[in-house]
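One-letter residues, chain by chain:
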Amino acid sequence: TLKTSPFSDMTTTVSSAPYVLALYEAKIVEGTTQSNGTVKFYGVNSITRAEMATIVWRINNYSK
């Protein structure tokens, strides 16, 4: 379990953080790496069809 968020725009105190971080640890979500090296989650934005398709594909192919 992560103690700190890898995302510069989401702290671990956000109510959805445990779920997002679990998906991050499972490599289901990765965030967007900025040119300065920070990673953003963009949790306030709507998800795109391509992002949803990627999540579904990764969950379908997930292995522990």
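The structure we're discussing is the one just above.
A quick note: this is a predicted structure, and the numbers were derived from the prediction, not measured. (Residues numbered from 1 in each chain as written. Predicted model: local features only at pLDDT ≥ 70, side-chain atom pairs only at ≥ 80, totals over all residues. Heavy atoms only, no water.)

Bringing the overall build of the chain into the picture now. Secondary structure assignment for the chain yields two helices and two strands. Here the C-alpha atoms of the chain give a radius of gyration of 12 Å, agreeing with the 11 Å that 2.2 N^0.38 yields for 64 residues. For the chain, the spread of C-alpha atoms along the principal axes amounts to about 30 × 25 × 20 Å. Put simply, 41% of the contacts in the chain that link residues at least 6 apart link residues at least 24 apart. Per element, the accessible surface of the chain, about 5100 Å² overall, is 55% carbon and sulfur. Of the charged side chains in the chain, 6 are positive and 4 negative; the average position of the first set lies 4 Å away from that of the second. (Helix = DSSP H or I, 4+ residues; strand = E, 2+ residues; numbered from the N terminus. Rg over C-alpha atoms; globule rule 2.2 N^0.38 Å. Contact = heavy atoms within 4.5 Å. Areas by Shrake-Rupley, 256 points an atom, 1.4 Å probe, with all protein chains shown as cover. Lys, Arg positive; Asp, Glu negative; His and termini not counted. Charge placed at Lys NZ, Arg CZ, Asp CG, Glu CD.)

As a further point, take the side chain of Ser5. Residue placement: Ser5 occurs in the segment before α1 (17-25). Among the polar contacts listed, one links the side chain of Ser5 to the backbone nitrogen of Phe7, at a separation of 3.1 Å. In contact with Ser5, not counting residues within four places along its chain, are Met10, Thr11, Thr12 and Leu21. (Polar contact = N/O pair within 3.5 Å; in protein donor to acceptor, adjacent residues only side chain to side chain.)

Turning to unusual backbone geometry, a few remarks are in order. Of note in this structure, Lys27 is not a glycine but carries a positive phi near 65°. Relative to the assigned elements, Lys27 resides in the loop between α1 and β1 (32-33). Here the phi dihedral of Tyr42 falls at roughly 55°; this positive angle occurs in a residue that is not glycine. Examined against the element boundaries, Tyr42 turns out to sit in the loop between β2 (39-40) and α2 (49-60).

Moving on: the nonpolar core. Membership of the largest hydrophobic core is limited to six residues, which are Phe7, Met10, Ala17, Val20, Leu21 and Val39. Counting residues per element, this core draws most heavily on α1, which supplies three residues. Beyond its immediate chain neighbours, meaning those up to four positions away, Val20 contacts Phe7, Met10, Val29 and Phe41. (Core = buried A, V, L, I, M, F, W, Y, C linked by side-chain atoms within 4.5 Å. Buried < 20%, exposed > 50% of the residue type's maximum accessible area, 1.4 Å probe, protein only.)

Here the largest pocket is characterised by a volume of approximately 470 Å³. Lining the largest pocket we find 20 residues, and of these Val29, Phe41, Ile47, Glu51 and Ile55 sit closest to its centre. Secondary-structure elements contributing two or more residues to the lining of the largest pocket are α1 and α2. The element best represented in the lining of the largest pocket is α2, accounting for four residues. Residues of the lining of the largest pocket, tallied by class, amount to nine nonpolar, seven polar and four charged. (1 Å grid on protein atoms, 1.4 Å probe; cavity = no way out; pocket = protein on both sides within 12 Å on 5 of 7 lines; lining within 4 Å. Points joined across faces, edges and corners; volume = space filled by probe spheres on them. Nonpolar A, V, L, I, M, F, W, Y, C, P; charged D, E, K, R; others polar.)

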